[in-house]
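# Structure at a glance
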Amino acid sequence: MNNILFVASECTPFIKTGGLADVVGSLPQALRQYEKQEVRVILPLYDEMDEEWKDQLEYLCSFDVQLGWRTQEAHLFTLTYNKIIYYFISNDYYFTRKGIYGYYDDGERFVFFSHAVIESLKYIDYKPQILHGHDWQTGIAIALANILQPIKNMKTIFTIHNIKYQGVMPLDIYEDFFRMGREHISGLEWDGMLNCLKSALFHADKITTVSPSYADEIKDPYYSEGLHPMLLNRADDLVGVINGIDTREYNPSSDPSIFMNYRSARSKKRENRMHLQQQIGLSYKEESPLYVIITRLVEQKGLHLVQHILDEFLNQDIQFIVLGTGEKEFEGYFADIAYRYPEKAAALLTFDEGLARQLYASADFFLMPSKFEPCGLSQLIALQYKTVPIVRETGGLKDTIHPYNELTGDGNGFSFTNYNAHDLLNVLNYSLEIFNNPSEWQQLLKNVNKSQFSWKESAHQYVTIYESLSPELVYG
């Protein structure tokens, strides 16, 4: 039996800002299908968590956490959801705030959380053989597990969900955060700064990331955000495992958020589209394909490419809807597009999970021209809702979306290679050609209907990784 403790900063259904929460929420459920894997999860207890969950919390204990020369108190709670045990670490100063990220002291907050995770191992009735950390917010926990050995022979795995975010702080605060000799600084430092993500890369027994292509890309200076020397050094321990999605959660045949449930019938997708467009005030044009973007409005998502070509593409017989919030440049641009093309375009500058589901259920095409994308879940959700993805060939987009080939009839979407606006326009025009060719369009839809990205295969790969570590647990 492998006892595995996931450490993360967010997790569905308790708290979510992005795909990280979906992975941490879904993967333990998939691993539960394997008899020899028991997974539990430990998270911060944020004030933002819904009262529905707070009311179910059971208090376990309180303990002191030594953060350098300071002592902070942590309170430990637990609840069980879908047969998975979750632990929550509470501290009023660090986690009783609006939102969960974006504060000047985020580094300190998650260093505290990491210390508290290691300290909590003394108080829970569970001795993990493997500590599995996710993203920079847990990097120090992985480092401390290796340095302090709270449970002898406990192994560690660290998953990079997005290498762009590393948890970087001035190195001269080392004594403020740690009561360890300065000989440990080299494992935590990178480029003259304390770096939480690098700390995990240095100390973890195994490193995973969320797609095979991204595992290759981040060894290249263009994608690595400066960490390629460390990743090249650890290349033998780096594995890319494509994310799955929870196919019960994202299921158009049972999704309560959409107007009409369906399996694959295009007529029912059209009913969803008609209802959605009435709801948002965009005229319904049955013969015009609907292209959608559902994303954070940031440069990473390829929106500069969209800016260069969208006016030209809107001259075609199409409709376009964007849903999301983010940088003012992009919010202003899409609002202007909607103003200038009132019959063809809508900009929904908000984020609403139910509205996102309605868009997936209504659209013909889902556009995701990312500059980089470690895995991406949105293109997988689009496939689940029988919507054709159009992506750039990077990271997990390259691994999951294969370009339609008229000669062979293979492929479940459209893609382009270079980060270039005209290449994007060319593939958009090609997608429209296929849409207007009934036999080719039907073949493409058959391929989309057969695309499956559940957690089953990914969970099996993680089980193989866990078992390869073969820890011999010694209770410390």
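Overview of the structure.

Definitions and limits used
- Residues numbered from 1 in each chain as written.
- Predicted model: local features only at pLDDT ≥ 70, side-chain atom pairs only at ≥ 80, totals over all residues.
- Heavy atoms only, no water.
- Helix = DSSP H or I, 4+ residues; strand = E, 2+ residues; numbered from the N terminus.
- Rg over C-alpha atoms; globule rule 2.2 N^0.38 Å.
- Buried < 20%, exposed > 50% of the residue type's maximum accessible area, 1.4 Å probe, protein only.
- Contact = heavy atoms within 4.5 Å.
- Areas by Shrake-Rupley, 256 points an atom, 1.4 Å probe, with all protein chains shown as cover.
- Phe/Tyr/Trp six-rings, centres within 6.5 Å; stacked < 30°, edge-to-face > 60°.
- Lys NZ or Arg CZ within 6 Å of the ring centre and 35° of its normal.
- Core = buried A, V, L, I, M, F, W, Y, C linked by side-chain atoms within 4.5 Å.
- Axes fitted to C-alpha atoms, helices over the stretch in contact; angles between N-to-C directions.
- Left-handed = near helix turned anticlockwise from the far one by under 90°.
- Nonpolar A, V, L, I, M, F, W, Y, C, P; charged D, E, K, R; others polar.
- Salt bridge = Lys/Arg side-chain N within 4 Å of Asp/Glu carboxyl O.
- Pairing = 2+ DSSP bridges.
- Patch = residues over 30% accessible without salt bridge, like charges linked within 9 Å, V, L, I, M, F, W, Y side chains within 5 Å.
- Lys, Arg positive; Asp, Glu negative; His and termini not counted.
- Charge placed at Lys NZ, Arg CZ, Asp CG, Glu CD.
- Polar contact = N/O pair within 3.5 Å; in protein donor to acceptor, adjacent residues only side chain to side chain.
- Right-handed = clockwise from strand over helix to strand, strands pointing away.
- Parallel < 35°, antiparallel > 145°, perpendicular 65-115°, else oblique.

This brings us to the overall build of the protein chain. Each helix and strand in the protein chain was counted, giving 20 helices and 18 strands. Relative to the globule expectation of 23 Å for 476 residues, the C-alpha radius of gyration of the protein chain, 23 Å, shows essentially globular dimensions. A buried classification covers 59% of the 476 residues belonging to the protein chain. When contacts within the protein chain are restricted to residue pairs at least 6 apart in sequence, those whose partners lie at least 24 apart make up 71%. Of the roughly 19,400 Å² that the protein chain leaves accessible, carbon and sulfur atoms contribute 47%.

Taken as a whole, this structure holds 30 aromatic pairs when the rule is applied. With a centroid separation of 4.8 Å and 70° between ring planes, the pair formed by phenylalanine 14 and tyrosine 86 is classed as edge-to-face. Here phenylalanine 14 is found in the loop between β1 (2-7) and α1 (19-31), whereas its partner tyrosine 86 is found in strand β5 (residues 84-90), with 72 residues between them in sequence. We note that phenylalanine 14, like tyrosine 86, is buried. Three or more aromatic residues joined by ring pairs form one cluster here, namely Tyr46, Tyr93, Tyr94, Phe95, Tyr101, Phe110, Phe112 and Trp136. Sitting over the ring of tyrosine 103, arginine 97 keeps its end group 4.9 Å from the ring centre.

If you look at the biggest cluster of nonpolar residues, it comprises 69 residues, and the most contacted ones within it are Tyr291, Phe320, Ile321, Phe334, Phe414 and Leu424. Sort the elements by how many residues they give to this core and helix α18 (residues 421-435) lands first, with 8 residues.

A separate point is the packing of helix α5 (residues 139-148) against helix α8 (residues 196-203). Two elements in contact, α5 and α8, have axes separated by 7 Å at closest approach and are oriented at 35°. For the crossing formed where α5 meets α8, the hand is left-handed. Contact with α5, carried on its side by Gly139, Ile140, Ile142, Ala143, Asn146 and Ile147, involves Cys196, Ser199, Ala200 and His203 of α8 and no other residues of that element. Within the contact of α5 with α8, the residues separate by chemical class into 6 nonpolar, 4 polar and no charged.

One pass over the structure, following the stated rule, counts 25 salt bridges. One salt bridge in this structure joins aspartate 216 and lysine 219, with 3.8 Å as the shortest N-O distance. Salt bridges sharing partners connect three or more residues here, namely Lys16, Asp22, Glu249, Asp255, Glu353 and Arg357.

Moving on: the sheet that holds strand β11 (residues 206-209). Strand pairing in a sheet takes place through backbone hydrogen bonds and is either antiparallel or parallel in direction. Within the open sheet, the 9 strands sit side by side as β3-β4-β5-β2-β1-β6-β7-β11-β12. Their pairing is mixed. Each end of this open sheet is capped by a strand with a single partner; those strands are β3 (58-67) and β12 (238-240). Within the sheet, the average angular offset between the axes of one strand and its neighbour, ignoring direction, is 25°. Judged from the 4 bridges that link them, strand β2 (residues 37-44) and β5 form a sheet pairing that is parallel. The residue bridging valine 41 from the neighbouring strand is tyrosine 86, located in β5. Sheet contacts for α1: β1, β2, β4 (70-81), β5 and β6 (130-134); angle to β2, the most-contacted strand, approximately 155°. Relative to the sheet, helix α4 (residues 106-120) contacts β1, β2, β3, β4, β5 and β6, its axis offset from that of β3 by approximately 115°.

Another aspect to go through is a negative patch on the surface. A cluster of acidic residues, Glu48, Asp50, Glu52 and Asp55, forms a negative patch at the surface. Here glutamate 48 shows up in the loop between β2 and α2 (51-54).

So, on to the side chain of histidine 115. Locating histidine 115 in the fold gives a position in helix α4. Note on histidine 115: relative accessible area 11%, which makes it buried. Leaving out residues up to four positions away in the same chain, histidine 115 has contacts with Val65, Gln66, Leu67, Leu144, Phe177 and Phe178.

Tracing the chain through its elements places arginine 182 in the loop between α6 (174-177) and α7 (185-188). Not counting residues within four places of it along the chain, the set of residues in contact with arginine 182 comprises Tyr174 and Glu175. Polar side-chain contacts of arginine 182 include one of 2.2 Å to the side chain of glutamate 175.

Here we come to the pairing of strand β16 (residues 365-368). Burial of β16 is two-sided: the residues Phe365 and Leu367 facing one way and the residues Phe366 and Met368 facing the other way are all buried. Pairing geometry for strand β13 (residues 290-294) and β16, over 2 bridges, is parallel. When the bridges of β16 are listed, valine 292 appears paired with phenylalanine 366. Sheet topology note: the β16/strand β17 (residues 388-392) ladder contains 4 bridges and is parallel. The partner of leucine 367 across the bridge, within β17, is isoleucine 390. Crossover connection from β16 via helix α16 (residues 378-384) to parallel β17: handedness right-handed.

So, on to the packing of α1 against helix α20 (residues 456-469). Between α1 and α20, whose axes approach to 9 Å, the crossing angle comes to 75°. The angle between α1 and α20 falls in the class roughly perpendicular. Here Leu27, Ala30 and Leu31 of α1 come into contact with α20, specifically with Ala459, Tyr462, Val463 and Tyr466. Of the residues belonging to the contact of α1 with α20, the class tally is 7 nonpolar, no polar and no charged.

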